[in-house]
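Residue-level structural notes
Chain by chain, the residues run as shown.
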Amino acid sequence: MRLTLTVNGEQRDIEGVAGTESLLYVLRQRLGLHGAKNACEQGQCGSCSVHLDGVLVCACLVPAPQAHGRSVETVEGLAGGDGPHPVQEAFLACGAVQCGFCTPGMLKATEDLLRRCPDPGEAEIKDALAGNLCRCTGYRHILEAVRLAAARTRALEPRP
């Protein structure tokens, strides 16, 4: 089947997609976007997190045909032309990247949280990251990075 979707603002047409392929497989294998990681394939680790029409999903659980005609935002689309996104800068500043395997999912989950809640409390941060597993188990730096990203994002917002 032919799959048409918008990935990070660019329309992409992919031929020969099998109905059994996941969105994660299409992103990684057909489009060469390796930011979303392939780990558990059960939606339990969050390493494949992407936004699908603005909703954070595990790409491993989304059948590729369900993405037809929709918009996908991956971690590759997070940074703009002006440099890293504030969330990416905060993760670097706090040393929250560790081995890096969970980092794309953590970045997308943090971006999602800050879209919904620009001034999250500790419980909201932990709840937002609950679906993302860090195998290095170094959550302290990740939590610091989310708090820093929130502060920096709020500072960039125009004031009334």
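Anything mentioned here points back to the structure above.
Residues numbered from 1 in each chain as written. Predicted model: local features only at pLDDT ≥ 70, side-chain atom pairs only at ≥ 80, totals over all residues. Heavy atoms only, no water.

1. Overview of the packing of helix α3 (residues 103–116) against helix α4 (residues 122–129)
Where α3 contacts α4, the axes come no closer than 9 Å and their chain directions differ by 135 degrees. If you check the angle between α3 and α4, you find them oblique. In the packing of α3 onto α4, the handedness of the crossing is right-handed. In this structure, α3 contributes Met-106, Ala-109, Thr-110, Leu-113 and Arg-116 to the contact, and α4 contributes Glu-124, Ile-125, Ala-128 and Leu-129. Of the residues in the contact of α3 with α4, the class split is 6 nonpolar, 1 polar and 2 charged. (Axes fitted to C-alpha atoms, helices over the stretch in contact; angles between N-to-C directions. Helix = DSSP H or I, 4+ residues; strand = E, 2+ residues; numbered from the N terminus. Parallel < 35°, antiparallel > 145°, perpendicular 65-115°, else oblique. Left-handed = near helix turned anticlockwise from the far one by under 90°. Contact = heavy atoms within 4.5 Å. Nonpolar A, V, L, I, M, F, W, Y, C, P; charged D, E, K, R; others polar.)

2. Here's the deal with unusual backbone geometry
We note that Glu-41 has phi near 55 degrees; this positive angle belongs to a residue other than glycine. Secondary-structure assignment places Glu-41 in the loop between α1 (23–30) and β3 (49–52). You can call Glu-41 exposed: its relative accessible area is 51%. The phi dihedral of Asp-53 falls on the positive side, at around 50 degrees, and the residue is not glycine. Mapping Asp-53 onto the fold places it in the loop between β3 and β4 (55–58). Residue Asp-53 is classed as partly exposed on the basis of its relative accessible area of 43%. (Buried < 20%, exposed > 50% of the residue type's maximum accessible area, 1.4 Å probe, protein only.)

3. A look at the pairing of β4
A regular strand carries its side chains on alternate faces of the sheet. Relative to β4, β3 runs antiparallel, the two sharing 4 bridges. Among the inter-strand pairings, Val-50 is bridged to a residue of β4, identified as Val-57. (Pairing = 2+ DSSP bridges.)

4. Overview of α1
Among the residues of α1, those classed as buried are Leu-23, Leu-24, Val-26 and Leu-27. On its buried side, α1 packs onto β1 (3–7), β2 (10–14), β3 and β5 (71–73). Following α1 by one or two positions, Gly-32 adopts a phi angle in the positive range, close to 70 degrees.

5. Concerning the sheet that holds β5
Ordered in space as β2-β1-β5-β3-β4, the 5 strands form an open sheet in which the pairing is mixed. The open sheet is flanked by β2 and β4, the only strands paired with a single partner. Going from strand to strand, the sheet's axes swing by 35 degrees on average, the running direction of each strand aside. Here β1 pairs with β5 via 2 bridges, running parallel.

6. Structural notes on the nonpolar core
The biggest cluster of nonpolar side chains holds 24 residues, and the ones touching the most others in it are Phe-91, Met-106, Leu-113, Leu-129 and Ile-142. For this core, the secondary structure elements donating two or more residues are α2 (86–93), α3, α4 and α5 (139–156). In this structure, Phe-91 is in contact with Ala-96, Val-97, Met-106, Leu-107, Thr-110, Ile-142, Ala-145 and Val-146, ignoring residues within four places of it in sequence. (Core = buried A, V, L, I, M, F, W, Y, C linked by side-chain atoms within 4.5 Å.)

7. Thoughts on the pattern of salt bridges
Under the defined criterion, the tally for this structure stands at 11 salt bridges. With a closest N to O distance of 3.4 Å, Arg-2 and Asp-13 form a salt bridge. One end of the pair, Arg-2, is in the segment before β1; the other, Asp-13, is in strand β2, and 11 residues separate them in sequence. Residue Arg-2 is classed as partly exposed on the basis of its relative accessible area of 44%. Its salt-bridge partner being Glu-73, residue Arg-115 comes within 2.5 Å of it at the nearest N-O pair. Here Arg-115, found in helix α3, pairs with Glu-73, found in strand β5; they are 42 residues apart in sequence, far enough to count as distant. Sharing partners across several salt bridges, the network here consists of Glu-73, Lys-108, Glu-111 and Arg-115. (Salt bridge = Lys/Arg side-chain N within 4 Å of Asp/Glu carboxyl O.)

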